[in-house]
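# Chain and residue survey
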Amino acid sequence: MRQVTDEDQAGPREPGSRGAELVLAATFLLGVVTSLVLVLTWGLLTGDDEPRAAQAGLAQGTDLLDQGQGPSPGATGDPGASSPAPVATRPAPSRLARCASAEHTLAQALDAAGPALEQWKVHVDAMNQLVVGEITLQQATDFWNRTRVGAQHKVAGFRDTVQQVRRDGVDCPDPDLLAPGSRRLPGCARQVQAEIAVLRAARTSIDTWDRHITDMDMLRMGDLSPDEATRMWLSMWHQGVRDLEAYRTAQRHAEALDGCAGIATP
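Residues numbered from 1 in each chain as written. Predicted model: local features only at pLDDT ≥ 70, side-chain atom pairs only at ≥ 80, totals over all residues. Heavy atoms only, no water.

This paragraph deals with the overall build of the protein chain. Check the secondary structure of the protein chain and you find 8 helices and 0 strands. Each helix and strand of the protein chain, placed in order from N terminus to C terminus, yields the pattern α-α-α-α-α-α-α-α. Each of the 266 residues in the protein chain was classed as buried or not, and the buried ones make up 26%. Carbon and sulfur atoms make up 58% of the accessible area of the protein chain, which totals about 18200 Å². (Helix = DSSP H or I, 4+ residues; strand = E, 2+ residues; numbered from the N terminus. Buried < 20%, exposed > 50% of the residue type's maximum accessible area, 1.4 Å probe, protein only. Areas by Shrake-Rupley, 256 points an atom, 1.4 Å probe, with all protein chains shown as cover.)

Here we come to the nonpolar core. Residues L117, F158, L199, I206, W209 and W233 are the most contacted members of the largest nonpolar core, which totals 45 residues. Of all elements in the fold, only helix 4 (95–131), helix 5 (137–148), helix 6 (151–168), helix 7 (185–220) and helix 8 (226–255) reach the threshold of two or more residues within this core. Setting aside residues up to four positions removed in sequence, W233 forms contacts with W120, H123, V124, M127, W144 and H212. (Core = buried A, V, L, I, M, F, W, Y, C linked by side-chain atoms within 4.5 Å. Contact = heavy atoms within 4.5 Å.)

Each pocket or cavity is described by its volume, and for the largest pocket that value is around 350 Å³. What lines the largest pocket is a set of 15 residues, and nearest its centre among them are W144, H212, M216, L219 and A229. Elements with a minimum of two residues in the lining of the largest pocket: helix 5, helix 7 and helix 8. Along the lines of polarity and charge, the residues of the lining of the largest pocket split into 6 nonpolar, 5 polar and 4 charged. By volume, the second largest pocket is sized at about 160 Å³. (1 Å grid on protein atoms, 1.4 Å probe; cavity = no way out; pocket = protein on both sides within 12 Å on 5 of 7 lines; lining within 4 Å. Points joined across faces, edges and corners; volume = space filled by probe spheres on them. Nonpolar A, V, L, I, M, F, W, Y, C, P; charged D, E, K, R; others polar.)

Next up on the list: the state of the cysteines. Within the structure shown, the criterion is met by 2 disulfides. With a sulfur-sulfur separation of 1.9 Å, C99 is cross-linked through a disulfide to C172. Measuring the twist about the S-S bond at about 90°, one finds the C99-C172 disulfide to be right-handed. Note that C99 is positioned in helix 4 and C172 in the loop between helix 6 and helix 7, a separation of 73 residues in sequence. The exposure class of C99 is buried, given its relative accessible area of 0%. Sulfur-sulfur distance for the disulfide between C188 and C260 comes to 1.9 Å. (Disulfide = S-S within 2.5 Å.)

Running from amino to carboxyl end, helix 4 crosses helix 7 at an angle of 30°, the nearest separation of the two axes being 8 Å. It follows that helix 4 is roughly parallel to helix 7 by the angle criterion. Note that helix 4 runs across helix 7; the crossing there is left-handed. Grouping the amino acids of the contact of helix 4 with helix 7 by side-chain chemistry returns 23 nonpolar, 6 polar and 3 charged. (Axes fitted to C-alpha atoms, helices over the stretch in contact; angles between N-to-C directions. Parallel < 35°, antiparallel > 145°, perpendicular 65-115°, else oblique. Left-handed = near helix turned anticlockwise from the far one by under 90°.)

So, about the packing of aromatic side chains. Evaluated as defined, the whole model comprises 3 aromatic pairs. With centroids separated by 5.0 Å and ring planes inclined at 25°, the aromatic side chains of W120 and W209 adopt a geometry described as stacked. Of this pair, W120 sits in helix 4 while W209 sits in helix 7, placing them 89 residues apart in sequence. Classification of W120 as buried rests on a relative accessible area of 0%. A residue is classified by how much of its surface remains accessible, and W209, at 0% relative accessible area, is buried. Summarising the aromatic geometry, the rings of W144 and W233 are spaced 5.8 Å apart at their centres and angled 70° between planes, so their arrangement reads as edge-to-face. Residue W144 is found in helix 5, and its partner W233 is found in helix 8; the two are separated by 89 residues along the sequence. Take W144: its relative accessible area is 15%, and that puts it in the buried class. Connected via pairs of aromatic rings, a cluster forms that spans W120, W144, W209 and W233. (Phe/Tyr/Trp six-rings, centres within 6.5 Å; stacked < 30°, edge-to-face > 60°.)

Attention now goes to the pattern of salt bridges. By the definition in use, this model includes 7 salt bridges. Put simply, R220 and D217 hold a salt bridge, and the shortest N to O gap is 2.4 Å. Highlighted residues: R220 and D217, both in helix 7, separated by 3 residues, approximately one helical turn. A salt bridge links E245 to R248; its shortest N-O distance comes to 3.4 Å. (Salt bridge = Lys/Arg side-chain N within 4 Å of Asp/Glu carboxyl O.)

Across the protein chain, pLDDT averages 75, with 66% of residues at or above 70. Counting interchain partners and residues more than four positions distant, the pLDDT-below-50 stretch residues 1–18 has 5 contacts. Every residue in residues 32–77 scores below 50 in pLDDT, and together they form 12 contacts with partners more than four places removed in sequence or on other chains. (pLDDT = per-residue confidence, 0-100.)

What follows is the structure, encoded as structure tokens:
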């Protein structure tokens, strides 16, 4: 006796139902075959490099994850590479602060000029007194010998600070070119301008003093005759008087200004 199956219980199927199932199955098989053909064709045309590269990349990513580390943001394939840390930027100093900084640098150079110029002044003043009979030749010679002590060292110290001024630069506008409306900037800029004039006058005077120091050394070593040394000294003495007066005039003008006082430097 034939057993009753689920199909028997479900009743006879409609003719169109089995046809629809066959169409769906055929469509599925056609899609699979088409996909295989496309994959095989791509492999023949391009080789297997791209899939292998993708697999290698996947494997590398898996290894990094297994090691408890992942590629950092912005990495370019190097596991040890990291994105650069952000650089903190400081606001640019104002023109007033730059002028104050320039004045500070100039003041240091002028401080270094003082000892060298003081020796030169004593040297020149001794000659002035000798000429008018206020001191004897021996007294003048004693003054000159004392001013030679450490003279080259002091001149060299001044030249070092001038080089520092050149390296740092003097970043301050010309006060005559400033737009109206500035309050403290013109005063500070005028002080910087005045101190530049003092520094130029100091350098001119110290250059003359430096040449005379060299002449004195050459005279002691016998490389310069007494007559030549006397002739050169008389020329430098007159030049020294003019240079020192120009320096003192510029210095008095600058000391009367205080436009940069109390301004913070960057």
